[in-house]
Amino acid sequence: MFNHLIDIERLSTEEISDIISTAQAFKKDTITSSAKGKTACLMFFENSTRTHCSFELAAKKLKMHVLNFDIGASSFSKGESIKDTFENLYFIGVDAVILRHSENKIIDRILENISYPLKFVNAGDGNCAHPTQALLDYMTMLEKIGSVEGKKIVIAGDVAHSRVAKSNLALLKKFGAEVHFCAPEYFMPENPEKFNVIWHDNLEEAISGADVVMLLRVQNERLDSETVKKCGNYSDKYKLSSEILNKYAPNAVLMHPGPVNREVEITSELLDSTKGVTILEQARNGLFVRMAVLNKMFGEKDE
Ligand code: CP
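These notes cover the structure that comes with them.

The rules we used
Residues numbered from 1 in each chain as written. Predicted model: local features only at pLDDT ≥ 70, side-chain atom pairs only at ≥ 80, totals over all residues. Heavy atoms only, no water. Pairing = 2+ DSSP bridges. Helix = DSSP H or I, 4+ residues; strand = E, 2+ residues; numbered from the N terminus. Axes fitted to C-alpha atoms, helices over the stretch in contact; angles between N-to-C directions. Contact = heavy atoms within 4.5 Å.

Time to look at the sheet that holds strand S7 (residues 178-182). The parallel open sheet is built from five strands, whose spatial order is S8-S7-S6-S9-S10. In this open sheet, the two strands that pair with only one neighbour each are strand S8 (198-200) and strand S10 (253-255). Looking at each pair of strands side by side, their axes are set apart by 20° on average, direction ignored. Summarising the sheet, S7 and S8 pair through three bridges and their orientation is parallel. Bridge pairing links Cys-182 to His-200 in S8. Relative to the sheet, helix H6 (residues 163-174) contacts strand S6 (152-156), S7 and strand S9 (212-215), its axis offset from that of S7 by approximately 160°.

Below is the structure:
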């Protein structure tokens with residue numbers, strides 16, 4: 001049982017494995033809800049399809065009450081502070097807030113400022129963390145390759161702006177994977193050496209012999225004008241096709257957190273091939289992982 005899920009770094013390997021076991025139990029329908037009657041508030045300051053829909057469905061399957069907070073119609077526009085908003089939501093009856101926001105580490109700042117025991121789940125903050133994505137990716141990898149220990153996992157694309165890459169790295173390192181990042185210089189973060197991974201700027205070299213290849217989209221909404229100019233020919237060197245995948249990593253599991261930009265980081269023919277189905281399976285596992293996370297916030301009993 002935990003109060004908040006903010007990032008992967010604060011979870012132990014035992015806690016992660018426990019969340020995955022619970023997610024697998026929800027997938028097999030062998031566990032019941034501990035969160036029935038509790039209230040979840042979905043608050044998304046950035047757009048979302050997978051995370052929003054799967055959290056909403058997860059909460060509904062757990063028989064929770066669900067509030068979809070409408071940012072545009074809320075009293076934020078009247079100058080209400082974050083502190084006052086969350087304290088009011090707590091008194092109205094919200095137990096847990098599922099928050100997506102463009103600001104890094106926003107939940108830590110909220111928790112420093114509010115005086116009431118509202119629970120928080122990070123549904124993605126800036127380019128910092130997306131813990132439930134890393135958990136569902138890990139669940140999918142376990143289903144496909146059994147264990148990640150010693151396995152070559154390549155994450156390729158706009159690493160600099162990707163919270164998914166950072167949360168996956170934190171998780172995969174805990175379980176002994178060999179993590180490689182592949183990006184052109186303009187999509188590498190500052191001080192790339194601090195990530196303690198193997199860096200590549202050549203896609204073919206990076207994926208050679210990989211067990212998992214995870215592609216990332218170009219996050220156009222976070223790019224400055226300089227980077228927009230530089231990344232104009234990104235697809236020439238970094239678009240993955242069946243031909244390249246079959247040549248350099250024929251046994252690799254193909255993954256992508258979504259949303260996919262067809263013909264930018266991946267060809268349509270690869271996405272629509274049998275290899276691409278894993279990307280949809282990731283989205284499905286997101287439902288079970290999010291059920292597990294919400295359930296664990298309110299304690300749980302095995303059937
Ligand atoms: N992977 C992911 O977070 O997708 P959404 O932005 O659609 O939620």
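What follows continues from the structure just given.
Residue Gly-258 is joined to Pro-259 through a cis peptide bond whose omega torsion reads -5°. Within the secondary structure, Pro-259 sits in the loop between S10 and helix H11 (268-271). Residue Asp-29 is not a glycine yet carries a positive backbone phi of 65°. With respect to the secondary-structure elements, Asp-29 resides in the loop between helix H1 (13-28) and strand S2 (39-44).

What is shown is where atoms sit, not what they do.
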